[in-house]
Amino acid sequence: MRRREFIRAVSKAAAASAFLGVGPCLSCGGGNESAAGDRPNIVLLVADNLGWKDLGCYDNPDVKTPNLDRLAREGIRFTNAFITASSCSPSRASIITGQYPHTNGVNGLTHIHRRMMLSPFVNTLPKVLSRAGYNTAIEGKWHVAPYLPTSWYGYRERLSGILPKDFLITSPEKATEFIERNRNGSFYLELNYMDTHRDSRGEFSPVESFDYDPDTIAIPEYYALPDWPEIRAEVAQYYSRLSRMDAMIGAVLTKLEEVGLAEKTLVCFVSDNGAQFPGGIMSLYDRGIGTPLVMRWPGKIPAGSVDDSLVSTIDLMPTLLEAAGAVIPKNSQGKSFLPLAKQESAEGPIEAVFAEMTYHVDYLPMRAVRTGKWKYIRNYSDDAIGLDQLAHKPWARRLCEERNPDWLGPRPPEELYDLEADPNEQCNLAADPTYAETLGAMRTLLDSRMRETNDPYFGREFERNYSGRESGRSREEPYF
């Protein structure tokens, strides 16, 4: 979208917003929300590019995350939670709308693809909660519509500045001050941390007070990466950033206790996509779409619970709205798993999770379905996944030359993985006739969901667009 067209679109949206009365605390949807006195405050903590097993409570022995580990001990930890898209903007839009990216229109990074920004007329989690009487606030990364006001999406307060450089949360001060001011009312606080995102140079700048020795850590097995010193050094720097985020989260949890709100607050922690290592972000493998998901609600969610049911972040909005006694919008495509979180149900509401990519920076059209045992990925082009912000790293390019898969090489039309025998998805079984029946069943499962949700890629043919070794290299503009 050209600048003039973009400004014109924003102006029209603003005028329509004013005409319809859509403001910071109104919603476009209908329904009567509950005003129950025992409804919880809600704190939603979203990490940026954090791998799904990169916390101490997920059995990583090297990383130090005492506050998130404590949150898991005092609540529930989901071991099979997945996002809808391995890209920041689409994933975050699904979290707050309960819709797939192809439904809400956020199909790529919105600070680059501005036409993909979330419409201000879509129902969002903060809009519905605001209408229900919650004071709603956001701090940190705003990536679903970064050039539009957060008030259009239901946030009554924006605790961060409006420039990308202000999106990085460096102190818990604003969050704790918000909690103090709202101690006598109902509030929704969304904290979007960017610590585990590479900076504009493609680096993890380590934090001196959270130092890790690369020689004393192991590269997580699920990364499916070699034990090279260069990679261990990157992982150590990444852990340093993660530990700083954990410390700031700890300050927020402490504040809830100080003002007597810990027992009255539902805290939810999740990541928007996989870590920024080859095969993580931008891929639909488990290391790209798997996410840590921890929830604490004292007296409602049994402490120390662990659940391996399949859950999706598309289900977060209806889950949190049910906890708040608010009406779930009819166009939500997710299902509440609150009974599962409260351990009132032995099984989750779904038997398969679905994920997709259309764009990150470059064109990466693919769809996937995952059950407990199988993963099926359908690629709609052979465009290379690429290396995101790692294209300048000699070790990353050497990895593509020496090891399989080649992230700068063409992709096949289909991929099928036996997750029990091959949890790191290294052996593609799609062409093996032994698994033809399973392949057919997974195709049907994916087709059914795509048809139900009016996915525009349903029935589209595979395209051969690959143009060589440089294909798929992301050219992400600096975001902060």
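Presented here is an overview of the structure given in this document. (Residues numbered from 1 in each chain as written. Predicted model: local features only at pLDDT ≥ 70, side-chain atom pairs only at ≥ 80, totals over all residues. Heavy atoms only, no water.)

**Remarks on the overall build of the protein**
- Across its full length, the protein carries 12 helices and 13 strands.
- Counting the 480 residues in the protein, one finds 61% classified as buried.
- Sequence-distant contacts, at least 24 apart, represent 75% of the contacts inside the protein between residues at least 6 apart.
- In the structure as shown, the protein presents an accessible area of about 18,200 Å², 49% of it carried by carbon and sulfur atoms. (Helix = DSSP H or I, 4+ residues; strand = E, 2+ residues; numbered from the N terminus. Buried < 20%, exposed > 50% of the residue type's maximum accessible area, 1.4 Å probe, protein only. Contact = heavy atoms within 4.5 Å. Areas by Shrake-Rupley, 256 points an atom, 1.4 Å probe, with all protein chains shown as cover.)

**A word on the pairing of strand S3 (residues 135-140)**
- For S3, the buried fraction is high: 6 of the 6 residues fall into the buried class.
- Looking at chain direction, S3 and strand S5 (residues 187-193) are connected through 6 bridges and run parallel. Note that in S5 the partner of Thr136 across the bridge is Tyr188.
- Relative to strand S4 (residues 157-158), S3 runs parallel, the two sharing 2 bridges. The residue of S4 that forms the bridge with Ile138 is Arg158. (Pairing = 2+ DSSP bridges.)

**Thoughts on the packing of aromatic side chains**
- Under the counting rule described, the total for this entry stands at 17 aromatic pairs.
- Ring geometry for Phe204 versus Tyr238: centroids 5.4 Å apart, planes at 50°, classification tilted. Taken together, the residues Phe204 in the loop between S5 and helix H7 (229-258) and Tyr238 in helix H7 connect sequence positions 34 residues apart. You'll find Phe204 and Tyr238 in the same group, each marked buried.
- Every member of this aromatic cluster is reached through a ring pair, and the members are Phe204, Tyr212, Tyr222, Tyr223, Tyr238, Tyr239 and Phe277.
- Over the ring of Trp297 we find Lys300, and its NZ or CZ is 5.9 Å from the ring centre.
- Taking the ring centre of Tyr457 as reference, the NZ or CZ of Arg460 above it sits at 4.0 Å. (Phe/Tyr/Trp six-rings, centres within 6.5 Å; stacked < 30°, edge-to-face > 60°. Lys NZ or Arg CZ within 6 Å of the ring centre and 35° of its normal.)

**Some thoughts on the packing of helix H6 (residues 173-181) against H7**
- Direction vectors running N to C along H6 and H7 enclose 15°, while the axes themselves pass 9 Å from each other. The angle between H6 and H7 falls in the class roughly parallel. For the element pair H6 and H7, the recorded crossing hand is right-handed. Together, Ala175, Thr176, Ile179 and Glu180 of H6 and Ala251, Val252, Lys255 and Leu256 of H7 make up the contact between the two elements.
- Residue composition of the contact of H6 with H7, by class: 5 nonpolar, 1 polar and 2 charged. (Axes fitted to C-alpha atoms, helices over the stretch in contact; angles between N-to-C directions. Parallel < 35°, antiparallel > 145°, perpendicular 65-115°, else oblique. Left-handed = near helix turned anticlockwise from the far one by under 90°. Nonpolar A, V, L, I, M, F, W, Y, C, P; charged D, E, K, R; others polar.)

**Comments concerning the nonpolar core**
- Counting 79 residues, the largest nonpolar core has Leu189, Tyr193, Tyr223, Met245, Phe269 and Phe277 as its most contacted members.
- With 12 residues, the top contributor of residues to this core is H7.
- Per-domain counts for this core show at least three residues from each of domain 1 (41-351) and domain 2 (354-453).
- The residues touching Phe269, leaving out its near neighbours within four places in the chain, are Leu45, Ala47, Leu50, Leu55, Leu68, Leu71, Met245, Ile249, Pro292, Leu293 and Val294.
- In this structure, Ile76, Tyr155, Leu338 and Leu340 belong to the second largest nonpolar core, which totals 48 residues. (Core = buried A, V, L, I, M, F, W, Y, C linked by side-chain atoms within 4.5 Å. Domains from an automatic or database assignment.)

**Re the side chain of Arg232**
- Position of Arg232 relative to the elements: it lies in helix H7.
- A relative accessible area of 14% means that Arg232 is categorised as buried.
- Residues in contact with Arg232, not counting those within four places in the same chain, are Pro214, Asp215, Ile217, Ile219 and Asp227.

**Some details on the pattern of salt bridges**
- Counted according to the given criterion, the structure contains 30 salt bridges.
- In this structure, Asp48 engages Lys141 in a salt bridge whose closest nitrogen and oxygen atoms are separated by 2.7 Å. Pair noted here: Asp48 is in the loop between strand S1 (41-47) and helix H2 (66-73) and Lys141 is in the loop between S3 and S4, with a separation of 93 residues, a long-range link. When sorted by exposure, Asp48 lands in the same class as Lys141, which is buried.
- Residues joined in a network through salt bridges with shared partners are Asp48, Arg92, Lys141 and Asp272. (Salt bridge = Lys/Arg side-chain N within 4 Å of Asp/Glu carboxyl O.)

**Quick word on helix H11 (residues 394-402)**
- Burial in H11 covers these residues: Trp395, Ala396, Leu399 and Cys400. All buried residues of H11 fall inside an arc of 145° around its axis, so they share one side. For H11, the exposed residues set more than 90 degrees away from the buried face come down to Pro394, Glu401 and Glu402.
- Those residues of H11 hidden inside the fold are in contact with H7. (Arc of directions from axis to C-beta.)

**Quick notes on helix H3 (residues 88-97)**
- With 10 of its 10 residues buried, H3 lies for the most part within the structure.
- Those residues of H3 that sit buried are Cys88, Ser89, Pro90, Ser91, Arg92, Ala93, Ser94, Ile95, Ile96 and Thr97.
- In this structure, the buried residues of H3 make contact with S1, helix H4 (101-104), helix H5 (125-131), S5, strand S6 (265-271) and helix H9 (316-323).
- Positive phi appears at Gly98, one or two residues downstream of H3, with a value of about 70°.

**Brief notes about the packing of H2 against H7**
- Their axes nearest at 7 Å, the elements H2 and H7 cross at an angle of 50°. With respect to each other, H2 and H7 are oriented oblique. Within the contact between the two elements, H2 uses Pro66, Asn67, Leu68, Arg70 and Leu71 and H7 uses Met245, Asp246, Ala247, Ile249, Gly250, Leu253 and Glu257.
- Residue composition of the contact of H2 with H7, by class: 7 nonpolar, 2 polar and 3 charged.

**Re the sheet that holds strand S12 (residues 374-379)**
- With antiparallel pairing, 4 strands are arranged side by side in an open sheet as S10-S11-S12-S13. Among the strands making up the open sheet, the edge pair consists of strand S10 (353-359) and strand S13 (414-418). The sheet shows a mean angle of 15° between the axes of neighbouring strands, taken without regard to direction.
- Where strand S11 (residues 363-370) lies against S12, 5 bridges are found, and the strand directions are antiparallel. Across the sheet, residue Ala368 finds its bridge partner in S12, namely Ile377.
- Packing of helix H12 (residues 436-452) onto the sheet brings it into contact with S10, S11, S12 and S13, and relative to S12 it is tilted by some 65°.

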